[in-house]
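Single-letter residue listing:
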Amino acid sequence: MSSGVESQQVLARAREVVSSCTGFRDTAISPSAVDRVVRAELARGRSAAELLAELQRPGTPLARALLDAVLVGETYFFRHPEQFRFLASEVVPAALRRGELALRGWSAGCASGEETYSIAACLLGMAPPGVRVEVLGTDLHEGRLQAARRGVYGNWSRREAGPMLYPLYTEVADGRVSIIDSVRAVTRFAQGNLLEPLPELHGSFDVIFCRNVLTYFSPDAVQMALGHLARALVPGGHLLLGTVEVDHPPAGLVRVGPPELQAFRRPTAKELAPPPKPAAREPEPFRVAMRAVTPPLPAPPPPPSPVKLHTEALQRIEGGDEAGAATILEKLLQQFRDYLPGMLELALLRERAGAREAAFALMNTVRDNAARLPPDLTIEGPEPLPARFYRASADAFLTLGAIE
Ligand SMILES: C[S@@+](CC[C@H](N)C(=O)[O-])C[C@H]1O[C@@H](n2cnc3c(N)ncnc32)[C@H](O)[C@@H]1O
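Asks: What is the right way to read the packing of helix H1 (residues 4-22) against helix H2 (residues 31-43) from this model?
Replies: Any two packed helices are characterised by the angle at which their axes cross and by the distance between the axes. H2 packs onto H1 with a crossing angle of 125° between their chain directions and a minimal axis gap of 10 Å. Our classification of the angle between H1 and H2 gives oblique. Judged by the sense of rotation from one axis to the other, the crossing of H1 with H2 is right-handed. Contacts between H1 and H2 involve Ser7, Val10, Leu11, Ala14 and Arg15 on the former and, on the latter, Pro31, Val34, Asp35, Val38, Arg39 and Leu42. Partitioned by chemical class, the residues of the contact of H1 with H2 number seven nonpolar, one polar and three charged.

Following this line, the structure appears as C-alpha cells:
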C-alpha cells in the first residue's frame, strides 16, 4: 500500500515527465488527467515505488498513458478560415512566383488530421496543372494519428465556424464523412515532437500551420519549437500560428498581414542581402566643416512604383537584356505581389527562356487573380488595360501553349 506522500511524489514526477516530453508549462498540464492515470495504476495494485521507477525511463507505457491523457486534441475542418483564405490568396501565389513545382504544406500538431486535410484541399484547389501538392501532418499522439489516417469524421469535426472552403469529403453512413481520394492521395501523417527538428527526409515547406499547440508550451519550449518550424520553411515560405500564440515575429521571420492573422514569412536570401556599401572616400576636412552648415537632407524619394519598374524591365527587353528584365520583374513582384502586368510579363519571359513550367505556374496565377477582379476594372501598367485582358491573355496562353 502506498502512502499519501509516495503518491504525491509519483504525481509530481508524472508532471515532470509530461512537461519534458511535450514542452508544456506546468500550469497547462491538467492535474485531474495526471491524477486519473496515476490512480488507475495504483488501483491495479502497482506500488508508488514501481511507478516512480517506470517514470525514470523514457517511452514506457505509463509515460504514453500520461501523454495521451494530457494532450488536448480539439480541432475541426477549416478552423480560422481567414488563414485558409490567406493561404489561397497570398501563400500559393507567392510560391508560384518563386517558380515552385510542388506546393508543400506541414500541419505541425495536427491532432486527428482535420487541419492537414483542410490545407491539402486548399492547395489542391489552388494548384495550377503541373504543380504537385504534398501535405504532411505530424503529432505526438499516436492514437490521433491513426484516426487521421482513417480520415473518417463525425459532426464535431464540421462546425459552422469552419466553412467548407474547398471540396474535402463525401458523406458516408450515420452522418459521418470520409475524406475524398484526391485529398487523401496528397496527404500523409507521421509521428513527430515539436521539441525536436523535423527529420530532413520530410524536406522543407512553402507553408506550415502550427496552431493551438504552442499555447500550452513553456516560454523556452515555444522558442525551441519556433526555431525548428522556421528552419523547415523554404526561403519565402510562410508560417501560420494560432491566434494568441506569439506577440512578436519568431526569430528570422517577418510578420505579414494584420497581427490577428498571425502569419509570418521567411525572407529570401535576396531580401536578406545587405544593401551595397557606398564607395569609401578619403575624409576631407572641408567636407566635414561644410556638413555643419548644410541644410537637412531632403526626404528620400518615394519608392519606385510598379509601373516605373515594369517600364525599366521593358527597356531592358528592348535592349536585348531579357535576363536583366526578369530580375527586375522578380524584384517587383516581391514588393507588389498582385501586380498583374508584371506577372504576365515575367511569365512570357520565362516561356521564352524555355522555363515552361514556371511560365505556366505564373500564368495560372495571372488567370486566377484576374478572374477574381471585376472584368472592366482598369489595371495600371505601362499601358492601362482592363482585368479581362489579363484573364483572356492567360487563358489563351494556357490553352494554346504560348503567346507569340
Ligand atoms: C489542440 S490540438 C490542435 C490541432 C490543430 N493544429 C488545430 O489547430 O486545429 C493540439 C495538438 O498538438 C499536439 N501536441 C502537443 N504537444 C506537442 C509536441 N510537443 N509535439 C507535437 N505535437 C504536440 C497534441 O497532441 C494535439 O493533438
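Continuing now.
Asks: I'm lost on the sheet that holds strand E3 (residues 152-153) in this one. Help?
Replies: Pairing between the strands of a sheet is mediated by backbone hydrogen bonds and can be parallel or antiparallel. With respect to topology, three strands assemble into an open sheet ordered E3-E5-E4, the strand pairing being antiparallel. Both edges of this open sheet fall to E3 and strand E4 (169-171), since each of them pairs with a single strand only. Of the strand pairs in this sheet, E4 and strand E5 (residues 177-179) are connected by three bridges, and their pairing is antiparallel. By the bridge assignment for E5, Tyr169 is matched with Ile179.

Asks: I tried to follow the site of the ligand on my own but got confused; where do I start?
Replies: What surrounds the ligand is a group of 21 residues, the closest being Thr75, Arg79, Gly109, Asp139 and Asn212. In this structure, Thr75 approaches the ligand through a side-chain N or O atom, which is 2.6 Å from an oxygen atom. Between the ligand and Arg79 there is a distance of 2.8 Å, counted from an oxygen atom to a side-chain nitrogen or oxygen. With the chains in place, 99% of the 600 Å² that the ligand exposes on its own is no longer accessible. Considering only residue class, the shell around the ligand consists of eight nonpolar, seven polar and six charged.

Asks: Please clarify how the domain arrangement of the protein chain should be interpreted in this entry.
Replies: Reports often express the size of an interface as the amount of accessible area lost when the parts come together. The domain architecture assigned to the protein chain consists of domain 1 (4-70), domain 2 (81-269) and domain 3 (306-400). Each of domain 2 and domain 3 has a C-alpha centre, and these two points are 29 Å apart. Between domain 2 and domain 3, the contact holds 14 residues from the first and twelve residues from the second. Taken together, both faces of the contact between domain 2 and domain 3 bury some 1,200 Å²; the carbon and sulfur share is 50%. If you sort the residues of domain 2 by the area they bury against domain 3, Leu96, Arg97 and Leu101 come out on top, with a joint share of 44%. For the pair domain 2 and domain 3, the number of links is one salt bridge. Across the contact surface, domain 2 and domain 3 share two residue pairs in polar contact (both at pLDDT 80 or more). At five residues, helix H5 (residues 81-97) tops the list of elements feeding residues into the side of domain 2 that touches domain 3. Residue classes in the side of domain 2 that touches domain 3 are distributed as nine nonpolar, two polar and three charged.

Basis of the calculations
- Each residue is numbered by its place in its chain's sequence as written, counting from 1.
- The model is predicted, so local features are restricted to residues of pLDDT at least 70 and side-chain atom pairs to those at 80 or more, both for listing and for counting; the totals for chains, interfaces and linings are taken over all residues.
- Side-chain measures were taken over the full set of non-hydrogen atoms in the model, leaving aside hydrogen atoms and water.
- Between N-to-C directions, angles cover 0 to 180 degrees, with each direction set by a line fitted to C-alpha atoms, over the stretch in contact for helices.
- Runs of H or I in DSSP of at least four residues are treated as helices and runs of E of at least two as strands, each being numbered from the N terminus.
- Here the word oblique covers every angle except those under 35 degrees (roughly parallel), over 145 (roughly antiparallel) and from 65 to 115 (roughly perpendicular).
- Whether a crossing is left-handed or right-handed is set by the direction in which the near helix is turned from the far one by less than a right angle, anticlockwise for left-handed and clockwise for right-handed.
- Note on contacts: a residue pair is in contact if any heavy atoms of the two residues lie within 4.5 Å.
- Think of it as three bins: nonpolar holds Ala, Val, Leu, Ile, Met, Phe, Trp, Tyr, Cys and Pro, charged holds Asp, Glu, Lys and Arg, and polar takes everything else, Gly as well.
- Whether two strands pair comes down to DSSP finding at least two bridges between them.
- Residues are labelled near a given molecule or strand when at least one of their non-hydrogen atoms is within 4 Å of it.
- Here a polar contact is recorded for every N or O atom pair within 3.5 Å, except that within protein the pair must consist of a potential hydrogen donor and a potential acceptor, and residues adjacent in sequence are included only if both atoms are side-chain atoms.
- All accessibility values rest on the Shrake-Rupley procedure with a 1.4 Å probe; residue burial counts only the protein chains present in the view.
- Marked domain ranges trace back to an automatic or database domain assignment.
- By buried area we mean how much accessible surface two parts lose on assembly, using a 1.4 Å probe and totalling the loss over both.
- Any carboxyl oxygen of Asp or Glu that lies within 4 Å of a side-chain nitrogen of Lys or Arg is treated as forming a salt bridge with it.

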